[in-house]
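# Coordinates in review
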Amino acid sequence: MKCQHCEKQAVFHITELEAGAVRELHLCEDHARTYLNQSEAAAESAAEDEAEGEPAGGALSGPLGVGQTAEELALLDQRSCSMCGITFFEFRNQGRLGCPHDYVQFEKELEPLIANIHGATEHTGRRPSRSAAGLAEGTEELTAVIGLRQQMKESIACEDYEKAKEHRDAIRVIEDRWLGGGNATKGSA
Amino acid sequence: MKLEALTQSIGEWLRGTGPESDIVMSSRVRLARNVAHYPFVSRASEQDRAEIERFLRDRIAGSAVGQDLEYIDVGRLEDIDRQFLVERQLISREHAEAQGARGVAIDRMEQVSLMINEEDHLRIQCMHSGLDLKGVWEQIRAVDDQIEKVVPYAFHPRFGYLTACPTNVGTGIRVSVMLHLPALVITRQIDKVFRSLHKISLAVRGLYGEGSQAMGDFYQISNQTTLGRTEEELVEQVGDVVPVLIDYERRAREFLVRETQQNVHDQVSRAYGILRTAQTISAEETMQLLSRVRMGVLLGLIGDVKIADINSLLVRTQPAHLQKLRGVELDTNDRNIERARYLRQHFEGGEGSRASVN
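Cut-offs applied
- Residues numbered from 1 in each chain as written.
- Chains lettered and ligands numbered in written order.
- Predicted model: local features only at pLDDT ≥ 70, side-chain atom pairs only at ≥ 80, totals over all residues.
- Heavy atoms only, no water.
- Contact = heavy atoms within 4.5 Å.
- Buried area = accessible area lost by both parts, 1.4 Å probe.
- Polar contact = N/O pair within 3.5 Å; in protein donor to acceptor, adjacent residues only side chain to side chain.
- Helix = DSSP H or I, 4+ residues; strand = E, 2+ residues; numbered from the N terminus.
- Buried < 20%, exposed > 50% of the residue type's maximum accessible area, 1.4 Å probe, protein only.
- Pairing = 2+ DSSP bridges.
- Phe/Tyr/Trp six-rings, centres within 6.5 Å; stacked < 30°, edge-to-face > 60°.
- Lys NZ or Arg CZ within 6 Å of the ring centre and 35° of its normal.
- Axes fitted to C-alpha atoms, helices over the stretch in contact; angles between N-to-C directions.
- pLDDT = per-residue confidence, 0-100.
- Expected span 1.5 Å × (residues − 1).
- Salt bridge = Lys/Arg side-chain N within 4 Å of Asp/Glu carboxyl O.

### Focus: the interface of chain A and chain B
Taken residue by residue, the interface counts 46 residues in chain A and 48 residues in chain B. Across the interface of chain A and chain B, roughly 4000 Å² is buried in total on both sides, 56% from carbon and sulfur atoms. Its largest share of buried area at the contact with chain B, chain A owes to Tyr103(A), His118(A) and Arg126(A), together 20% of the area lost on that side. For the pair chain A and chain B, the number of links is 25 residue pairs in polar contact (both at pLDDT 80 or more). For the side of chain A that touches chain B, the elements supplying multiple residues, two or more each, are helix H5 (88-94), helix H6 (102-105), helix H7 (107-118), helix H8 (140-157), helix H9 (161-180) and helix H10 (182-185) of chain A. Considering every element that reaches the side of chain A that touches chain B, the biggest residue donor is H7(A), with 6 residues.

### What about unusual backbone geometry?
Residues and elements named next belong to chain B. Within the chain, arginine 188 stands out as a residue other than glycine whose phi angle is a positive 60°. Counting through the fold element by element, arginine 188 comes out in the loop between helix H6 (182-186) and helix H7 (190-199). Exposure remark for arginine 188: the relative accessible area of 76% places this residue in the exposed category. Phi is positive for serine 201, close to 45°, though the residue is something other than glycine. Within the secondary structure, serine 201 is located in the loop between H7 and strand S9 (202-205).

### Considerations on the pairing of strand S1 (residues 24-33) of chain B
All names here are of chain B. The buried fraction of S1 amounts to 10 of the 10 residues, a majority that puts the element mostly inside the structure. Bridging between S1 and strand S8 (residues 173-180) involves 7 bridges; their strand directions are antiparallel. Bridge assignment links valine 29 to a residue of S8, and that residue is valine 175. In this structure, S1 lies alongside strand S5 (residues 122-129), joined through 8 bridges in antiparallel fashion. Paired with arginine 28 across the bridge in S5 is methionine 127.

### Notes on the packing of aromatic side chains
One pass over the structure, following the stated rule, counts 7 aromatic pairs over all chains. The interplanar angle of 65° and the centroid separation of 5.1 Å between the aromatic rings of Phe88(A) and Phe106(A) together place this pair among those described as edge-to-face. Placement of the pair is Phe88(A) in helix H5 and Phe106(A) in the loop between H6 and H7, with a sequence separation of 18 residues. By relative accessible area, which is 0% here, Phe106(A) ends up buried. With centroids separated by 6.0 Å and ring planes inclined at 55°, the aromatic side chains of Tyr103(A) and Phe159(B) adopt a geometry described as tilted. Taken together, the positions of Tyr103(A) in helix H6 and Phe159(B) in the loop between strand S6 (155-156) and strand S7 (160-161) put the pair across two chains. The pair Tyr103(A) / Phe159(B) is uniform in exposure class, with both members buried. The positively charged end of Arg149(A) is found above the aromatic ring belonging to Tyr38(B), 4.1 Å away from the centroid. The side chain of Arg276(B) reaches across the aromatic face of Tyr272(B), ending 4.3 Å from its centre.

### Examining the sheet that holds strand S4 (residues 112-116) of chain B
Paired through backbone hydrogen bonds, the strands of a sheet run either parallel or antiparallel to each other. Residues and elements named next belong to chain B. If you walk across this open sheet you meet the 8 strands as S2-S3-S4-S5-S1-S8-S10-S9, and the pairing is antiparallel. In this open sheet, the two strands that pair with only one neighbour each are strand S2 (69-72) and S9. Averaged over all pairs of adjacent strands, the angle between strand axes in this sheet comes to 20°, irrespective of strand direction. Each of S1, S4, S5 and S8 touches helix H5 (residues 133-148); the most contacted strand, S5, lies at about 150° to it.

### Comments concerning the confidence of the model for chain A
All names here are of chain A. Mean pLDDT for chain A: 76, with 68% of residues reaching 70 or above. Confidence scores differ between elements of chain A, with helix H3 (residues 58-61) showing the lowest mean pLDDT of 34 and H6 the highest of 96. Across residues 182-189 the pLDDT falls below 50, and counting only partners more than four positions away or on other chains, this stretch makes 23 contacts in the model.

### A look at helix H2 (residues 46-62) of chain B
If you check H2(B), its first and last C-alpha atoms are 24 Å apart, about what 17 residues at 1.5 Å a residue would give, namely 24 Å. Along H2(B), the residues that are buried comprise Asp48(B), Arg49(B), Ile52(B), Glu53(B), Phe55(B), Leu56(B) and Ile60(B). Considering only its buried residues, H2(B) is in contact with H9 of chain A together with S2, S4, S5 and H5 of chain B.

### Considering the pattern of salt bridges
Applying the stated criterion across every chain, the model contains 33 salt bridges over all chains. Here Asp144(B) and Arg33(B) are joined by a salt bridge, their closest N and O atoms 3.0 Å apart. Note that Asp144(B) is positioned in helix H5 and Arg33(B) in strand S1, a separation of 111 residues in sequence. Per residue, the accessibility class of Asp144(B) equals that of Arg33(B), and both read buried. Connected through salt bridges with shared partners, the residues Arg96(A), Glu118(B), Glu119(B), Asp120(B) and Arg123(B) form a single ionic network.

### Points about the confidence of the model for chain B
As a general rule, the predicted coordinates of low-pLDDT regions are not to be interpreted in detail. Residues and elements named next belong to chain B. Per-chain confidence: chain B averages 91 in pLDDT, with 95% of residues scoring 70 or above. With pLDDT under 50 throughout, residues 350-358 is counted as low confidence; its partners more than four residues away or in other chains account for 19 contacts. Scored as a whole, the predicted complex attains pTM 0.82, and scored at its interfaces, ipTM 0.89.

### What about the environment of Glu87(B)?
By the element assignment, Glu87(B) lies in helix H3 (residues 79-87). C-alpha of Glu87(B) to C-alpha of Val315(B): the two residues are 228 residues apart in sequence and 6.4 Å apart in space.

### Looking at the side chain of Glu249(B)
All names here are of chain B. Mapped onto the fold, glutamate 249 is located in helix H8 (residues 231-277). By relative accessible area, which is 0% here, glutamate 249 ends up buried. Polar contacts involving the side chain of glutamate 249 include one to the main-chain amide nitrogen of alanine 183, which spans 3.0 Å. Not counting residues within four places of it along the chain, the set of residues in contact with glutamate 249 comprises Ile23, His180, Leu181, Pro182, Ala183 and Leu184.

Rendered as C-alpha cells:
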C-alpha cells in the first residue's frame, strides 16, 4: 500500500475506531515521522486537506468530543504520562488510565471526554480535609513518587547509584510528609 | 474468617426485611478510591499490587473501622471460595477473576465489604436489606471518613476523587437498589420502564452487576454519572425513582390478581411444584421458579413459605454455595441433582420453615 501523501510504501498504519466509524491512516516512514514530530499547531494545518472528504466533526470525533483530525489524534496518541508512562493510545484502547497523574497530564484531552460522560467537569461532592496536616487538597505531590520510583529503577539499571540514592531520598521526604506524619497516623491509635 | 462460618449464615441483605422489602431486595452504595502514590491497578506491576495490598490492608486494620472487619486474602483462595464470595455479593466477579495480590475486608453482618485491588485500589461497599439508601449512605460515609484519615486517596481539586476509569471520577459513587419485578416482566412492561430509566441516565443491570444477565426478574438500578453532583444528590437521584418503580410493580401485581388470578395462581403453583419435586434442576431455572414463588407468597397465593427463606435459597442454590454446603466439589450434572435434592429437603417437612435460616 502507498503512503497517502507520496508514492512510497506505507509502513505506518493507524486505525481509528470511534462512534462505530473506522478511519485509517497509511503513511510512509518519512511522513509518519513528520506527523509525529510536528507541533500540534502545524499538524492542524497539515491536516486540513486530509480532513476534506471526510464527514466532519460530530460523528467521527467520538468520545473525545471535539473535532480532532486523525493526525491530531495520532499525535495525541503518542503522548505519554511522565509518571506511569501510559500513552494516550493505550488509554483509548483499554479505557483505563494508568495513574492519578494522567488526569493532570491529559487534562485537556480528558476534559471533553469527562464532560461527555458526566455532563459536568467540576466535582461538587465531598473533599478531603488535610489542611490540619499542612498538606494540599490535591495529591499531585504524592503521586510524583510514581515517577521517582521509575527513575530510581533506571538509575540502578545504569549503575548510577549516586543518582538512585538521590531519588530514594526524594521519595522518602514526600512519603514522610504524606504517609508518615499527621495524615497517616491520625486515627490509627 | 472462615468461609465455612459464612456458609451457615446469610448476609444481612438477604433478611427480607426493611422498608418495601416485598419489591426492594437490597440497597447498596459503593465508593471507588485509589491511593495517590501507586499506578492504578491495570498499570501496576505485580510488586506494586503486592505493596498496594499490604499498604491498604495495614492502614485499614489500623483505622477506627479495622477491628470490626475480617480480612480474606482473595488471591490465595480456591476458585470455588472466590465464587462463593461473588454469589454472596461480597466481591465482584471482576475481583474474583483478577490476578495478583488482592483481598477483601468484611464485617460480621456482611453489610460492609472493602475490596482491595479491584479495578480501583479500594472499592468500599455497603449493603442493607430493603429500601434504605439513606442508612447505607450514612454508614459508608462513616467508613470512608475513617479510612481517609489514614489513607491519602488520590484527589484532584477540580475532578475530585480520581479513578482508573473516567466513568467513576468525582464522587466515585455508585448507588444501586436491587428490585424484584416479576409482575412487570409478566405484563411485558419492563422494557418500557427501562427505556424511561435510561432517559434519566440511570443504568439497569442484572443481579450480579455489570455485564450480568437479569435472572429471575431481579434487576439493579443505579446512577450512571458520578461527577458534577454531590453524593447526597446522587443518592437522591436513585432514591427518587424507586417509589415510582415500586408503584408500577404493585399495580402490575394487582392487575395480575384482578384480571388473571387463575393464570397467575396456576403459574405460581406450578413453579412451587417443580421446586418441591424436581430430580435435577439448573441454577437459572431455580432462580426463575423461586422468583415466581416469591411473587406467589407476596400475593397471598402460597401461604406456607417465608420470604426470608426464598431470599436465602436464591443464594444457597448457586453453584459455589451448594458445593460448600455439601462439602464436595461437583460437576454441573451432579450439582443439578444436588440442587434438586436440597430444594426438596428444604420444602419438605416444615413446609419451608424448619430447614431454613439459622
